Every structure is written in structure tokens, then in C-alpha cells.
Amino acid sequence: MDCKPSVLLLFLFSPVCQGHLTSHHSNEVNLLDSKASQGELGWISYPSHGWEEISGVDEHYTPIRTFQVCNVMEYSQNNWLRTNWIPRNSAQKIYVELKFTLRDCNSIPLVLGTCKETFNLYYMETEEDQGDQFWEHQFSKIDTIAADESFTQTDLGDRILKLNTEVREVGPVAQKGFYLAFQDVGACVALVTVRVYFKKCPFTVRNLATFPDTVPTDSQALVEVRGSCVNNSREAEPPRMYCSTEGEWLVPIGKCLCDVAHEPRGVTCQVCRPGFYKSSPGNLRCSKCPPHSHAHQEGSAHCSCEKNYFRSEADPSSMACTRPPSSPRNVISVINETSVILDWSWPADSGGRKDVTFNVVCKRCSAGQRKCEACRGAVRFLPRPAGLSNTTVTVADLLAHTNYTFEIEALNGVSALSSEPRQFATVTITTNQAAPSPVAVIRKDRTSRNSISLSWLEPERPNGIILDYEVKFYEKQEQETSYTILRAKGTNVTLNGLKPDTIYLLQIRARTAAGYGGSSRKFEFETSPDSFSISSENSQVVLVAISSAVAIILLSVVVYLLLGSRFCGYSKSKHPDEKRLPFVRLPGIRTYVDPHTYEDPTQAIHEFARELDASCIAIDKVVGAGEFGEVCSGRLKQPSKKETCVAIKTLKSGYTETQRRDFLSEASIMGQFDHPNIIRLEGVVTRNKPVMIVTEYMENGSLDCFLRRHDAQFTVIQLVGMLRGIASGMKYLSDMGYVHRDLAARNILVNSNLVCKVSDFGLSRVLEDDPEAAYTTRGGKIPIRWTAPEAIAYRKFTSASDAWSYGIVVWEVMSYGERPYWEMSNQDVIKAVDEGYRLPPPMDCPAALYQLMLDCWQKDRNNRPKFDQIVSLLDKLIRNPSSLKIIANAPSSPENMLLDRTGADIATFCSMGDWLESMHTLSCKDIFNGASYSSCNTLAKTSTEDFKQVGVTILGPQKKIVSSITALETHAKNGPVPV
Ligand code: ACK
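Here we summarise the structure given alongside this text. Note that the coordinates shown come from a computational prediction; the quantities given were computed from them, not determined experimentally.

Attention shifts here to the overall build of the chain. When helices and strands are counted, the chain shows 16 helices and 53 strands. Counting every position in the chain, which comprises 979 residues, the buried fraction comes to 47%. Long-range contacts, defined as pairs at least 24 residues apart, comprise 63% of the intrachain contacts of the chain with a sequence gap of at least 6. A total of about 48,300 Å² of accessible surface is found on the chain, and carbon and sulfur atoms cover 52% of it.

Let's shift gears to the sheet that holds strand S18 (residues 228-229). Reading across the sheet, the 3 strands line up as S15-S16-S18 and stay open at both edges, with antiparallel pairing between neighbours. On the outer flanks of this sheet lie strand S15 (204-206) and S18, each paired with one strand and no other.

According to the stated counting rule, one finds 26 aromatic pairs in the structure shown. Note on Tyr 46 and Phe 134: the rings are 6.3 Å apart at their centroids and 50° apart in plane angle, and the pair reads as tilted. Of this pair, Tyr 46 sits in strand S2 (residues 44-46) while Phe 134 is found in the loop between strand S8 (118-126) and strand S9 (140-146), placing the two residues 88 residues apart along the sequence. What makes Phe 134 buried here is its relative accessible area of 17%. Here Phe 628 and Phe 663 contribute two aromatic rings whose centre-to-centre distance is 5.4 Å and whose plane-to-plane angle is 70°, an arrangement assigned as edge-to-face. Here Phe 663 lies in helix H3 (residues 657-670) and Phe 628 lies in the loop between strand S43 (617-625) and strand S44 (630-636), a separation of 35 residues in the sequence. Here Phe 628 matches Phe 663 in class, with each residue buried. Clustering of aromatic rings is evident, with ring pairs tying together Tyr 46, Trp 80, Tyr 122, Phe 134 and Phe 139. Lying across the ring of Tyr 516, Arg 509 places its NZ or CZ 4.0 Å from the centre.

According to the stated counting rule, one finds 10 disulfides in the structure shown. A disulfide bridge connects Cys 305 with Cys 321, and the sulfur atoms are separated by 2.0 Å. On the S-S bond that ties Cys 305 to Cys 321, the torsion sits near -75°, and the link is left-handed. Residue Cys 305 is found in strand S26 (residues 304-305), and its partner Cys 321 is found in the loop between S26 and strand S27 (329-336); the two are separated by 16 residues along the sequence.

So, on to the nonpolar core. As a rule of thumb, nonpolar side chains are buried together in soluble globular proteins. Counting 83 residues, the largest nonpolar core has Phe 673, Leu 703, Ile 726, Phe 761, Tyr 806, Trp 857 and Leu 874 as the members making the most contacts within it. The dominant element in this core, judged by the number of residues it contributes, is helix H5 (residues 716-736), at 10 residues. Apart from the residues within four sequence positions on either side, Tyr 806 is in contact with Leu 723, Arg 724, Ile 726, Ala 727, Leu 743, Leu 852, Cys 856, Phe 867, Ile 870 and Leu 874. Membership of the second largest hydrophobic core comes to 32 residues, among which are Ala 91, Phe 119, Leu 121 and Val 170.

Cis geometry is found at the peptide bond from Tyr 46 to Pro 47, where omega equals -10°. Among the structural elements, Pro 47 can be located in the loop between S2 and strand S3 (52-57). In this structure, Pro 383 follows Leu 382 across a cis peptide bond, with omega equal to 5°. Among the secondary structure elements, Pro 383 is positioned in the loop between strand S31 (380-382) and strand S32 (392-396). The backbone phi angle of Asn 330 is positive, close to 50°, even though this residue is not glycine. In this structure, Asn 330 sits in strand S27. Phi is positive for Asp 844, which is not a glycine, with a value near 60°. By secondary structure assignment, the location of Asp 844 is in the loop between strand S52 (837-838) and helix H10 (847-856).

Definitions and limits used
- Residues numbered from 1 in each chain as written.
- Predicted model: local features only at pLDDT ≥ 70, side-chain atom pairs only at ≥ 80, totals over all residues.
- Heavy atoms only, no water.
- Helix = DSSP H or I, 4+ residues; strand = E, 2+ residues; numbered from the N terminus.
- Buried < 20%, exposed > 50% of the residue type's maximum accessible area, 1.4 Å probe, protein only.
- Contact = heavy atoms within 4.5 Å.
- Areas by Shrake-Rupley, 256 points an atom, 1.4 Å probe, with all protein chains shown as cover.
- Pairing = 2+ DSSP bridges.
- Phe/Tyr/Trp six-rings, centres within 6.5 Å; stacked < 30°, edge-to-face > 60°.
- Lys NZ or Arg CZ within 6 Å of the ring centre and 35° of its normal.
- Disulfide = S-S within 2.5 Å.
- Core = buried A, V, L, I, M, F, W, Y, C linked by side-chain atoms within 4.5 Å.

Below you can see the structure in the form of C-alpha cells.
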């Protein structure tokens, strides 16, 4: 048998084979590996001259056991080789990997016809090992195995045997174990290794969750496996993964988070190292302890603060520990009579925090500073004594010539946690002698043709010994051009040598060692007429007679009112318990009462305004500034009423009695009104400080600013609606007999529904607090641009002068808050209006509204429309919007070109062309009073200097005039101009 061909020639030592003997994957579990066996495998070979077991070595010279058969010379070969019994374990699907060599028949001479180039693979399942029994017909065929390549030609011409690897799947297997069998039918084959394995998804850790070894099912379905969080972690979302049939983990879902004081390291959660902390679960690393804190132990959730350092409840654990601030520095005090402004520097050390505030404690001290006691409530701190965020405070209402010590302490968010003694900055002051407060009450004791006797009460705060009083008086109509001054030692005086039947104005002020106090308000007194002189001694009889007559008249009026109220249905009385009747009410019509007719103005305030409890008012923020103090927005919550938004006008500290009275007079007036277009008074606070006037809140603020903010954003109907509201409010006021005197868009407030309400009521206030008001030649203070000529000229304020102002408001509204007469000076305005010039129509202004303006600006006040007529006109326009389509096409903004109402008629300006024509026919000499311009064309070429000559000093209007003229000329040539 020497010539019997060999299969194993060369291959076991050939480097070519090395690549094929790599180790198998980690997700494969071997059930059998022939290579692992060093001794005889003991597989059954049948017949015995078929497969034979031989020993060899692999490429690493490791001994291995192989089987071979090569009966290629003989016909009808049927050689079987059966493995030992292989337990299945948990496998459902098994893999058989064969490594073998196979000689191709061409390489063996003389074998044609008998030689085969394949062998067959079989298996058989059994519940137990059946020993040596072997029945070939019980085996099921898995496949016929053929070689890919039997030989490879090398460069040298040697034939090298090639190792083939074939893998076959078997399954599902269900019984406890199985055998494999190899059938040779006449090939020359060597089975080098046989490996049987199944696949599994191996134990793994993903997203800090462990997943156990998992054997896939035989079907295609994935196996869902629930993971368990690693130690020191918790589920954020249940961890899951799928095991594929190929033994691969797929689609990790969910995750685990490391616990507090633990951080992820690799696939585990480990405690934080000393000096580090982690306060919440998660997979971030532990953080280093913030400044002034430490963590000596490992596994810290928080770092503890160093000694004398703290963390407030609101501080996050990532924030540095902080400490109370040091004391404020460099306290400066500025004393002004009985008030002091304290000012200090920020503490050198704010403790590492930004929330530093200051508290100021006031102590009143005896002369030697030895004994100090807390200042009582009379002292006022502005803005407040505690929780100050700025480094200044004003302390008012101190006693004159008194020693005070102020302790100023800086605090921050951790001051309350420290037990260290607190540090203050202190300052000691002595208040000055203060001048006395004004005399508030003057009484007329006696009047005659030539004299008036008066007495008064000492000022509320004399602030020292009153040395004397200065009494200043003058004839009312002389407007203070000449006056007389008397000095009185006591609190009464008789003014002699006066003119009969003449009104005198009088002011008194007290004097102490500290100087004069503020003057009292002006009191008005009248001497008796020539024919009617009553002295207090002989007036008794006359007074009785007059009193009786008045009583009879009053009685008749009361009876008439009672009857009238029954017949006319008038029952609404705001003050049912009114005791005095300072005015006569006609049935159905309420009349406005001037609070100055009350001897004691505080009585007026309590009659017309409700006193509110200061605790019902919450101030939110400052929205503006008034003459007397700030205007704030806030909320009013009265018992058993809904909380409402309110505006709060405050009276600033340090006010005089006159200022207080003037301030509150607005409430006395407003409180008499009840109309949807008049700002509603909620009440007043007079018993606490600060004194406040509380009104309904108007979300959109004043009308002029509101319109400027929303330039060109409303429809004409919306604008007319606003104007209608204002006119309706004014009608109500004029029906009540109240003349506003300062009607202007800035004094109209707008709420969130665009409802306009008339506001700003007062008496002397009209003349004082309006920044638009200017002094006239006669000394009064008047808002010139809004005021009718007769009111400017001789103070004739009536509802007709209010109608003039209303016309200006219409102009302001239609021009979205433009300033009437732009930057012309007051003097020029007075002059131009007097000469008959009027404001031109604003851009796109309906002709009907411009006509209304012109009507309101009639020189003769009797020709101006009444407010009820204005309301009905506006109602008609609103009902018939097409009436607003005709536009008063005047120049878009020829600011200084006031229209001469004597020459131009609004009805003629129905188109741009008409206006242009009209402009060309108007002499510009007329427009620019006194300047020598012959035609409007010249205007376009006008220089700044020229404008200055005619009193136009700002550039805006000049530019607008020029561009407007140029645009109009272009329009005349080319058609419509884009505006
Ligand atoms: O235009 P404004 O925001 O509206 O600024 C002024 C400022 O206070 C000074 O008068 C505002 N103001 C006055 N009264 C009220 C009110 N009742 N509601 C809302 N704002 C008001 C005004």
C-alpha cells in the first residue's frame, strides 16, 4: 500500500494555513472542539478500514488529533465516522465548523471513476449517550461538504494542500444531546478539526446597567432583556436591550444614574474622592468643593463651610460659602435743619455676596451722648429704615437742636446665620435750628371800609421761639406790583388805611432765630363798601337779619329739593349725611363745589373723598413724577372687594401745609365727579404718611406719549372714538360748572381698552405744575399753546376756553402727538393766533375734524361749539364713517405755515392739487409775518439764516417745509407724491 495517496502532505506545516486557524468569537460557546483533546478522541469508525484517527501538530506545533480516509482506488466506499455524544446545554441552534483538506481527484493518478471530491455530514438527536451503538439509517443528513479549493499552485510549482473551512447550522435541537457523523463515499479527505458551538449574547454593562448571558431563540425574534443598575446607581429609565439570533446585543434603551456622592467611573459608580462632592444623582463627575468649603471624607453629597463662613438656605451647593459683610465705611451726614441725609461707602468686604442691604437705626441722645434712646415713630426715613439697597437715606422730622446717633449696619443673606457680634458704622449729629412751618389758619375778625382785623394760629411746628410775624398785603388787582409789609409781635394785626370795597391779598410768615419760615398761602379779604360798613360791634343786628333771610331761603330750597327729587327722580347723593350746604343743588343737576370755599379744606377732602386704610394699598412701582411727588402703580384691596389696579400719587416729604392742601384739592375736585370719561378717585390717605391720592389705573398712561408710541397705528374711527370720549368727559365737567383750564393730551389718560379719561384737576396747580405753563405778561402761568386768547389776555377761563383747548387736543390726536405749533416760541404763537392764523390740518385728517378744530378756535368764544354739540357731531361721524373719507388735504407738515383763516376755506382743500393751488395764491409774506417772501417757491431756497430771521430757529420744521414744498411741486408736475 505504499502507493496509497496521502491527504496531509505539507499542510500541517504550511504558513499558508495560519490564517484559517484563528480562535473563535467571545459570543460562541463550544460544545465540542476536537483540537482541545490531546488524547485519543475515541470516535467510532465504521467499517474499521475506513476513517482512521491519526496524530499531528498544528501550525504552533501543538499536537492535535485528526481523522482521514483516502480509499480512492476502490469502488463503493461507505465509510462512517461518528463523534461521541454531545450534550446540547441550553442551545437551540448549533453550528458545526469543519476544517479539512481534500485532494482533488486529478492530482491522484489512476483513480478516475472511483475517486470522489465530497463527503457528507449527518446528525442524530438522542436523550442520552447511546454508547457504541451505531445505526447509519437513524442519522439525518445536514449537507454534502465539498472543498472550495483543494490545491493551490505556488510559484515554485509545488502543490500545497489548502485547508478548507465550512460551517453548517443545525437546529432547532430539542433533545438532551446529539451525535455528528461524517460519511465518506470514496474521497481523499482529512478532518483536521471539528468544532461544535452555539451563540449567546454575553454578559455586558451598558449605560451603567448589567445584562446577563443570554441565549437567543432559534426563531428570528429578538429576546428582550431587562438590565439591572450597577451598584450605587438607580434607574432613571428602566434599562433594556435586545439579544439577536447572532448573539449580538442591540438597541440599548433606558439608563441608570449614579447615586448622590457617587460618580461614573468606567462601568461602575464610585464614591466621590475627598475634596469633591456631588449633591444630586446623575452621571456627571463629582465637583471640587467651592471656595471656603471642604469635604474631608470621601463620598460627600455636600461640602461643609469653613469656620465663620455660611451658606443660606437659598444658596446652591455649588456656591462658595460666604460671610456677613464688614461694616459700612465713610459715613457722611448732611444736615438740613431738621432732616439729615446720611451717605456711606460700600463695606470693604461684602462677604462674597451681592445681596448686601443696609439697616439704619436712629437714637436720640442726651447732651453728653451718654444716654441714648430709640427715636420714636415721628422720625421719617426715606425711602425706609431697613433693607436699603442704596448707600444713602434721608431722615426727616427730627427735633431741632437735638443730638442723634445713627447706627448703620450692612447685612447680607448669611448675616442671620452668624453668631459673631455685628459691626456698625455710627455717626452722631446735632440738628440745626429750623425755621418755623407756615401759618396755616388766618381768621378775619373785623372789617370796615378802611381796615381789616385779622388773627391767626401759631404755625404747627414753630421750631423755636417766634420772634415776630411778617404780614404782607396788597390790592388784588395790582398783582403784587406794590405791597405793604407790617410786623406783628403777636398773632393778630389790624390793617389800616385800606381802600373801601377793595379785595386785598395777604400772606403771613413767622420768624425765629433761625430766620423766616415759609409764607402762608394767599388769603383774600375785602373791605366794606362805602355804603355798607359793619363793625363787629354793631353788626349783630344785621347778621341776625341776614341769617334769618338765608335760613328762610335755605329752607325753601331744601323743601324744593325734596319735592323735586320725588318728581324728577333725582335721588343720587354722594354724601347723604351732608351737614352743610355750601352750594345750591338744582334738581337733576349736580354742581361742582370749589373746595376753597370751605374754610377748612380738610373738611372738603373728607366730604368728597373716602379715607383709605394705608394697609389696603400695595405700591408696585414708580410710573412717573408729578409736581408734588411720585406717581406709582399699585393695588388696592379693600375689605370684601376685589383687588384692583390703581395709580397712587404721593405727596413728597417736607411739604408745606399749603402744598398738602393744594395736593389734596385735586382729590376734593375729582371726588365730586362720576363719569366714565373722568378719572375715578378711589380715595385718599391723609392720616398716614406719605399722603396719597389713589385713582383708577390707566394702563396706557398719558394720551400724548401713547399716541407718539403708536404713530399711524389707529384707524380714523378709533381716533374719533377717543375724541368722543374726551368730549363726553368735558361735557360732564362743563355741566357740573367745572372749568378745567389745562385740557391737553398730556392730561388725558388712556386705559387698556383705549378709553380716554380727563385727569389732572386742581386749582393753583393748573398754574404751577404743568411744564407747558408759562408766565404771561400779567403774571399768571398758562399753558399758552392750549389756551384760548381771551384766557391768555385777561384770564377769562370758561367752558368755551376749554372748547378751544379741546380743538388743540383734536389736533394733537390727529397728528399722533405732534407738538402744537411745533417749536414756535410762545410769543410767536400768541401773536400768530391773535392775527387770525390757525394750525393747519394734520396729515390725512378728515375735513370734518379739521372743521371742528377751526370751530373750536373761533376768536369769539360765543361762536365755539358747546361740548354737547361736539359729542353729537362726533357721534354722527362715527355712525357715518364715509363722512370721514374727505381729507383736509393741506400740506403734510408745513409746520410754520399756519393757515390764515381769514383767507382760506377748509372746504376748498379737498385734494393735494387744490391745496397747492391755494398755497400759490397765498402770499408767503402773510404766512411769515414781517418777512419779505414773495412766493412759496422761494421757500424751497430759503436758508437757515432766513428762517432764523422769521423766528424759526430749529432745523426740523425748516427741512419739513422745504421737503413739503418740493414734494408738492413735484406732485403738481408728475401726479401723486408718495408720502
Ligand atoms: O404718560 P405716563 O406713563 O402716564 O406718565 C404720567 C405720569 O404718571 C405722571 O403723571 C402717569 N399717570 C398718572 N395718573 C395715572 C393713572 N391713573 N394711571 C396710570 N398712569 C398714570 C402718567
